[in-house]
Amino acid sequence: MDLGLHDRACIVTGASKGIGLAVSRLLISEGARVLMVARGEEALRAAAAELGAEWLALDVSRPTAAAEIVAACEQRFGGAVDVLVNNAGRAEIKDLDELTDEDWQRDWDLHVMASMRLMRETCPKMAARGWGRVVNVSSSSGKRPSGSLAMSYSVTKAAQLSLSRAFADKYAADGVRVNAIAPGMALSEGWTGDGQLGDQLSTRLGIGREEVLRSQGARSPIGRALEVDEIARIAVVLCSELASGVAGAAWSVDGGTWVSIV
Ligand SMILES: NC(=O)c1ccc[n+]([C@@H]2O[C@H](COP(=O)([O-])OP(=O)(O)OC[C@H]3O[C@@H](n4cnc5c(N)ncnc54)[C@H](OP(=O)(O)O)[C@@H]3O)[C@@H](O)[C@H]2O)c1
């Protein structure tokens, strides 16, 4: 099947690692042009060079970031943005009563405000041209708060789902498809990296990192954590021509973890 992504101008945030890197790789393999965004320049530059993508190193939660990203994309690809993947995000292991105001604000700025500003910059122009795709990478924790991840993560991921639906409704009649995905546990650097979620839970539970990754993954109906490509493939379908009939969805990509018949 032709995904219809050839020459499409795409922005992927959180693109230097994990799910965002896998999404960028798949988009490039479909002939799309990709602007990869993350903060850390070294990893981003290396990833973009390997894929043949453009890159821009900045913190997407800064108020001016969205305008800078869209301007860079338009200038480097010589036209408007076709596809936006709001993927940048962060999680940590922290009890509800340990979370500070700063923790809540930081997660709000990253998961909600950064996604909102990028959609506000891109969706009207997509609508004017009659075609566009936005994928907001939320989380299964946005559908049901996680028992282990910080509640500021779950709550702002729920807000990101609501935000996604709001933009979907506003722009659906103009050819713009805004959707979200709600991944379950995937073995990205965010789980496997030094000091990341695997290590944080390891400290809390008093078991090794490998045992944490195995036992947390085993809690899902398919019995294992996902690979990042298993998430990225679904995101890229939603970026494509094939998603013409999908708007305002919040697709679970979680190995069956979300318990619902609807
Ligand atoms: N992996 C999972 O199990 C899982 C499950 C559900 C949902 N998700 C969601 O999927 C998305 C990707 O997760 P992942 O596990 O692939 O993450 P990851 O491996 O930790 O990678 C995160 C990416 O986002 C970038 N990033 C983080 N904060 C940023 C900021 N303020 N501005 C710009 N870029 C930023 C990171 O680069 P820099 O640090 O250099 O900026 C990196 O490229 C997140 O939204 C996450 O919440 C993941």
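The structure under discussion appears in the preceding block.
Residues numbered from 1 in each chain as written. Predicted model: local features only at pLDDT ≥ 70, side-chain atom pairs only at ≥ 80, totals over all residues.

Brief notes about the packing of helix 4 (residues 101-129) against helix 5 (residues 151-171)
Packing of helix 4 against helix 5 leaves a shortest axis separation of 9 Å and a crossing angle of 15°. One element, helix 4, and the other, helix 5, form an angle in the roughly parallel class. Of the two elements, helix 4 crosses helix 5, and the hand of that crossing is right-handed. Judged by residue contacts, Asp103, Trp104, Asp107, Trp108, His111, Val112, Ser115, Met116, Met119, Cys123 and Ala127 of helix 4 engage Ser152, Tyr153, Thr156, Lys157, Ala159, Gln160, Leu163, Phe167 and Tyr171 from helix 5. Partitioning the contact of helix 4 with helix 5 into residue classes produces 12 nonpolar, 5 polar and 3 charged. (Axes fitted to C-alpha atoms, helices over the stretch in contact; angles between N-to-C directions. Helix = DSSP H or I, 4+ residues; strand = E, 2+ residues; numbered from the N terminus. Parallel < 35°, antiparallel > 145°, perpendicular 65-115°, else oblique. Left-handed = near helix turned anticlockwise from the far one by under 90°. Contact = placed C-beta atoms within 7 Å. Nonpolar A, V, L, I, M, F, W, Y, C, P; charged D, E, K, R; others polar.)

Focus on unusual backbone geometry
With a phi angle near 70°, aspartate 7 is a residue other than glycine that sits in the positive phi range. In this structure, aspartate 7 sits in the segment before strand 1 (9-13).

Focus on the pairing of strand 3 (residues 54-57)
Where strand 2 (residues 33-38) lies against strand 3, 4 bridges are found, and the strand directions are parallel. The residue bridging valine 37 from the neighbouring strand is leucine 56, located in strand 3. In this fold, the crossover linking strand 2 to strand 3 by way of helix 2 (residues 41-51) has right-handed handedness. (Pairing = 2+ DSSP bridges. Right-handed = clockwise from strand over helix to strand, strands pointing away.)

Remarks on the nonpolar core
Judged by nonpolar contacts, the single largest core of 82 residues is most densely connected at Met36, Val85 and Ala235. The leading source of residues in this core is helix 4, at 8 residues. (Core = buried A, V, L, I, M, F, W, Y, C linked by C-beta atoms within 7 Å. Buried ≥ 20, exposed ≤ 12 C-beta atoms within 10 Å, placed from the backbone.)

A short note on the pairing of strand 1
Most of strand 1 sits inside the fold, with 5 of its 5 residues counted as buried. Side chains of strand 1 alternate between two faces, with Ala9, Ile11 and Thr13 and Cys10 and Val12 buried alike. Examined bridge by bridge, strand 1 and strand 2 share 5 bridges and lie parallel to one another. The partner of alanine 9 across the bridge, within strand 2, is arginine 33. Considered for its hand, the β-α-β crossover made up of strand 1, helix 1 (residues 18-29) and strand 2 is right-handed. Direction of pairing for strand 1 relative to strand 4 (residues 83-86): parallel, over a ladder of 3 bridges. Bridged to cysteine 10 within strand 4 is valine 83.

Considering the sheet that holds strand 2
Taken in spatial order, the 7 strands of this open sheet run 3-2-1-4-5-6-7, and their pairing is parallel. Unpaired on one side and paired on the other, strand 3 and strand 7 (250-253) mark the two borders of the sheet. Put simply, the sheet's adjacent strands are angled 15° from each other on average, direction ignored. One ladder, built from 6 bridges, connects strand 5 (residues 132-137) with strand 6 (residues 176-183); its direction is parallel. Following the sheet pairing, glycine 132 is matched in strand 6 by valine 176. Relative to strand 5, helix 4 is tilted by about 165°, and along the sheet it contacts strand 4, strand 5 and strand 6.

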